[in-house]
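# Architecture at a glance
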Amino acid sequence: MALKTRYRLVVEYCGAGFAGFQKLSHKRTVQAELERAYSHLAGHPVQIWGAGRTDTGVHATGQVVAFDSENPRTPEQVLNAGNIMLPGDIRVKSCAIVGPEFHPRHSAVSRTYRYLIALREPDALLQGLAWCVPGPLDLDRMRAAAAGLLGKHDFSAFSSRPESVRRERTLLKLELGQIAAGSMGPPPLDRLGGPLLWVEVQANSFMRRMVRMIVSTLVRVGTGEVEPNALWQNVEPPAPASGLYLVGVEY
């Protein structure tokens, strides 16, 4: 049996053109595109494993994937060849050879997501990159509510598909910040200059749509419709997928 080399890649992608990360029949997915490219490079079918199964429309700047190849290449060759063969909305940022025990999902100890909210009326050019919410939002109220979510809790209320066995998750970080309005250049670049609100969430693992439901409920707190101490009792439907980014996986 041929020896296999395992490669670990950090990948970014724009989720707007994909039906999520995980491979699906007759739909364009990130996993399928990566497998197509790296099967061609390896000269045999390869299976891609990912750290996070991002939903339709969700982006990534720090997705971690891995695959095995029977035909070894240098990490530089894997990175460069992949970026030549992959479509323009997927980019490999780094590549390294790892041991056979490494698995992007099972070896991870936490994942970090960032959600972007543009404080403006709906904007056609920002729809795929951020959630447009007419401001203002009270950041202090939102932070007070966020503090109550930190730590280990049953987060099934914040999931569109609660797990039947393990409902507890440990929220390690929930931070909010705002970028003030300011021009970044001529239109349309000025639209990216704020005001922009970001929510960053780190946990040992996440339930389905958990981050997006936390964000949408925090927005209701920010508008004054929900009291900070009543967050758990007023969970909102998930915020749009277009504002969500997988930014890091910790091992």
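Before any of the text, the structure's been laid out above.
A brief structural summary. In this text, all values refer to a predicted model and were calculated from it rather than measured experimentally.

With 69 residues, the main nonpolar core has L9, L34, Y38, L171 and L218 as its most contacted residues. Counting residues per element, this core draws most heavily on helix 4 (residues 210-222), which supplies eight residues. Not counting the four nearest positions on each side in its chain, L9 is found in contact with Y38, Q63, V64, V65, F67, V78, V92, S94 and C95.

Here helix 1 (residues 30-42) spans 18 Å end to end across 13 residues, near enough to the 18 Å set by a 1.5 Å rise per residue. Counting buried positions along helix 1 yields 10 of 13 residues, so the element is predominantly enclosed. Buried residues of helix 1: V30, Q31, E33, L34, E35, A37, Y38, S39, L41 and A42, and no others. Between the side-chain oxygen of the N-cap and the backbone nitrogen of A32 there are 3.2 Å, and the N-cap of helix 1 in question is T29. Where helix 1 terminates, the next one or two residues include G43, which has phi positive at roughly 85 degrees.

Attention now goes to the packing of helix 3 (residues 139-147) against helix 4. For the pair helix 3 and helix 4, the least separation of the axes is 8 Å and the interaxial angle reads 135 degrees. Classed by the angle they form, the pair helix 3 and helix 4 counts as oblique. Along this stretch, helix 3 crosses helix 4, giving a crossing that reads as right-handed. For the pair helix 3 and helix 4, the contacting residues are R141, M142, A145 and A146 in the first and L218, V219, V221 and G222 in the second. Considered class by class, the residues forming the contact of helix 3 with helix 4 number six nonpolar, one polar and one charged.

Here the focus is the environment of G62. Checked against the element boundaries, G62 lands in strand 3 (residues 59-69). The spacing of G62 and K93 is 31 residues in sequence and 8.5 Å in space, taken between C-alpha atoms. Once residues within four sequence positions are removed from consideration, G62 is found in contact with V10, V11, L246, V247, G248 and V249.

Turning our eyes to something else, we now look at the packing of aromatic side chains. Under the definition given, this model contains nine aromatic pairs. With centroids separated by 5.4 Å and ring planes inclined at 35 degrees, the aromatic side chains of F155 and W232 adopt a geometry described as tilted. Remark: W232 occurs in the loop between helix 4 and strand 10 (244-250) and F155 occurs in the loop between strand 7 (151-154) and strand 8 (168-179); sequence separation between them is 77 residues. Note on W232: relative accessible area 30%, which makes it partly exposed. Clustering of aromatic rings is evident, with ring pairs tying together Y7, Y38 and F67.

Here we take up the environment of A19. Residue placement: A19 occurs in the loop between strand 1 (5-13) and helix 1. Through-space distance from the C-alpha of A19 to that of R143 is 32 Å; in sequence the pair is 124 residues apart. In contact with A19, other than residues within four places in its own chain, are L24, K27, R28, T29 and T56.

This part is about the pattern of salt bridges. In the structure shown here, the tally under the stated rule is 15 salt bridges. Across the pair D55 and R212 runs a salt bridge whose closest N-O atoms are separated by 3.6 Å. Separated by 157 residues along the polypeptide, D55 in the loop between strand 2 (49-50) and strand 3 and R212 in helix 4 bring together distant segments of the chain. A single burial state applies to D55 and to R212, both of which are buried. The closest approach of N and O atoms between R220 and E225, which form a salt bridge, is 3.4 Å. When salt bridges with common partners are traced through the structure, they connect R28, E33, R36 and D89 into a single cluster.

Calculation notes
Here, residues in each chain are numbered from 1, in the same order as that chain's written sequence. Owing to the predicted nature of the model, reporting of local features is limited to residues with pLDDT of at least 70; listing and counting of side-chain atom pairs is limited to 80 or more, with chain, interface and lining totals taken over all residues. Where side-chain values are given, they derive from all heavy atoms of the structure, hydrogens and water being excluded. Residues enter a nonpolar core if they are buried and are Ala, Val, Leu, Ile, Met, Phe, Trp, Tyr or Cys, with the set joined through side-chain atoms within 4.5 Å. Only protein chains enter the calculation, and the probe is 1.4 Å; a residue is then buried if its accessible area is under 20% of its type maximum, exposed if over 50%, and partly exposed in between. For helices the rule is a DSSP run of H or I covering at least 4 residues; for strands it is a run of E covering at least 2, with both sets numbered from the N terminus onward. Contacts are residue-level and defined by heavy atoms, with any inter-residue pair within 4.5 Å sufficient. To estimate how far a helix should extend, the number of its residues minus one is multiplied by 1.5 Å. Between N or O atoms, a polar contact is any pair within 3.5 Å; within protein, one atom must be a potential hydrogen donor and the other a potential acceptor, and residues adjacent in sequence are included only when both atoms are from side chains. Axes here refer to lines fitted to C-alpha atoms; in helices the fit is confined to the stretch in contact. Angles between the N-to-C directions go from 0 to 180 degrees. Each angle is binned into one of four classes, with values under 35 degrees roughly parallel, values over 145 roughly antiparallel, values of 65 to 115 roughly perpendicular, and all other values oblique. For any pair of crossing helices, the crossing counts as left-handed if the nearer helix is rotated counterclockwise from the farther one by less than a right angle, and right-handed if it is rotated clockwise. Residues were grouped as follows: Ala, Val, Leu, Ile, Met, Phe, Trp, Tyr, Cys and Pro as nonpolar; Asp, Glu, Lys and Arg as charged; and all remaining residues, including Gly, as polar. When the centres of two rings from Phe, Tyr and Trp lie within 6.5 Å, Trp using its six-membered ring, the rings pair. Their planes under 30 degrees apart give stacked, over 60 give edge-to-face, and anything left gives tilted. When a carboxyl oxygen of Asp or Glu lies within 4 Å of a side-chain nitrogen of Lys or Arg, that pair is called a salt bridge.

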